[in-house]
Amino acid sequence: EAGVAQSPRYKIIEKRQSVAFWCNPISGHATLYWYQQILGQGPKLLIQFQNNGVVDDSQLPKDRFSAERLKGVDSTLKIQPAKLEDSAVYLCASSLDEVGSVWFFGPGTRLTVL
Amino acid sequence: AQKVTQAQTEISVVEKEDVTLDCVYETRDTTYYLFWYKQPPSGELVFLIRRNSFDEQNEISGRYSWNFQKSTSSFNFTITASQVVDSAVYFCALSDPAQDQGAQKLVFGQGTRLTINP
């Protein structure tokens, strides 16, 4: 079974530029999550989708971050404009829409903002 | 509010030693799930175990074992006869399904960086 796919794996940009990350969840997983992991910290939830809809985006800095999940499958996360403090690993995860389901994570995108 | 605490920031041991990673959690709900994930240098979070709040049986999987104690809100992870390949950051996490709109949340601890030296 294929896991969660993410691209690109690495991205280096200058501050104020824009960047987009892509995620393809495990087939059949209704719930998709984007996490931000700053070096030395645990992952922090940015946004959660259930099928097409946003369930929780309370931790998403909406002035610069946006995310969408088209057709309830793939998702993109965009940052515009990027700040130095956005340097982090962005992890995508998916799970079944069932209580107690396991979160499966992708390899992440390591973003460096110069 | 949910909270997971991993008090050990870094642990370093010599190969073949046993090592225990501590995890303490806080939740007001009676139904919840606890997880351990491994994050090797490659960066991907690898699922190790899930435990629900009604199952306090300890679990053993090869060299790995987990001790769940509701009385102390702890879910500790022990590696027996550690190996260099066990070197990674280990995260304990808590999922509480009793959220608005049925949306589960997974809250992570800060992680413990484990280094196994040859």
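For the structure, check the block above.
All of the points below concern the structure found in this document. (Residues numbered from 1 in each chain as written. Chains lettered and ligands numbered in written order. Predicted model: local features only at pLDDT ≥ 70, side-chain atom pairs only at ≥ 80, totals over all residues. Heavy atoms only, no water.)

Some words on the pairing of strand β5 (residues 33-39) of chain B
Residue and element names in this part refer to chain B.
- In terms of residue burial, β5 counts as a mostly covered element, since seven of its seven residues are buried.
- Judged by which residues are buried, β5 turns out to be covered on both faces: Y33, F35, Y37 and Q39 on one side and L34, W36 and K38 on the other are all buried.
- Hairpin connection, β5 to strand β6 (residues 46-52): the antiparallel pair is bridged by six residues, and G43 has positive phi, about 100 degrees.
- Direction of pairing for β5 relative to strand β10 (residues 88-96): antiparallel, over a ladder of seven bridges. Bridging across to β10, Y37 finds its partner in F91. (Buried < 20%, exposed > 50% of the residue type's maximum accessible area, 1.4 Å probe, protein only. Helix = DSSP H or I, 4+ residues; strand = E, 2+ residues; numbered from the N terminus. Pairing = 2+ DSSP bridges.)

Section: the state of the cysteines
- A complete count under the given rule lists two disulfides over all chains for this structure.
- Two residues, A:C23 and A:C92, share a disulfide whose sulfurs are 1.9 Å apart. Looking down the S-S bond of the A:C23 and A:C92 bridge, the torsion is -70 degrees, so its handedness is left-handed. Of the two residues, A:C23 sits in strand β3 (residues 19-24) while A:C92 sits in strand β9 (residues 88-95), which places them 69 residues apart along the sequence.
- Judged by relative accessible area, A:C92 falls into the buried class, the value being 0%.
- Disulfide pairing places B:C23 opposite B:C92 at an S-S distance of 2.0 Å. Negative torsions about the S-S bond denote left-handed disulfides, and the value of about -65 degrees found for B:C23 with B:C92 makes this one left-handed. Residue B:C23 is located in the loop between β3 (19-21) and β4 (24-26), and its partner B:C92 is located in strand β10; the two are separated by 69 residues in the primary sequence. (Disulfide = S-S within 2.5 Å.)

Digging into the interface of chain B and chain A
- Contacts between chain B and chain A engage 21 residues on the former and 22 residues on the latter.
- In total, about 1800 Å² of surface goes out of reach between chain B and chain A, with carbon and sulfur atoms giving 55% of it.
- Inspection of the chain B/chain A interface yields one salt bridge.
- In this structure, A:D56 engages B:K105 in a salt bridge whose closest nitrogen and oxygen atoms are separated by 3.4 Å.
- On inspection of chain B and its partner chain A, the count reaches five residue pairs in polar contact (both at pLDDT 80 or more).
- Those elements giving two or more residues to the side of chain B that touches chain A turn out to be β5, β6, β10 and β11 (105-108) of chain B. (Contact = heavy atoms within 4.5 Å. Buried area = accessible area lost by both parts, 1.4 Å probe. Salt bridge = Lys/Arg side-chain N within 4 Å of Asp/Glu carboxyl O. Polar contact = N/O pair within 3.5 Å; in protein donor to acceptor, adjacent residues only side chain to side chain.)

Re the nonpolar core
All names here are of chain B.
- The biggest cluster of nonpolar side chains holds 23 residues, and the ones touching the most others in it are L21, W36, F77, Y90 and L114.
- Contributions of two or more residues to this core are made by β2 (10-14), β3, β5, β8 (64-69), β9 (74-79), β10 and β12 (112-117).
- Sorting elements by how many residues they give to this core places β10 first, with four residues.
- Setting aside anything within four residues of it in sequence, one finds F77 in contact with V19, T20, L21, W36, L48, Y64, S65, W66 and Y90. (Core = buried A, V, L, I, M, F, W, Y, C linked by side-chain atoms within 4.5 Å.)

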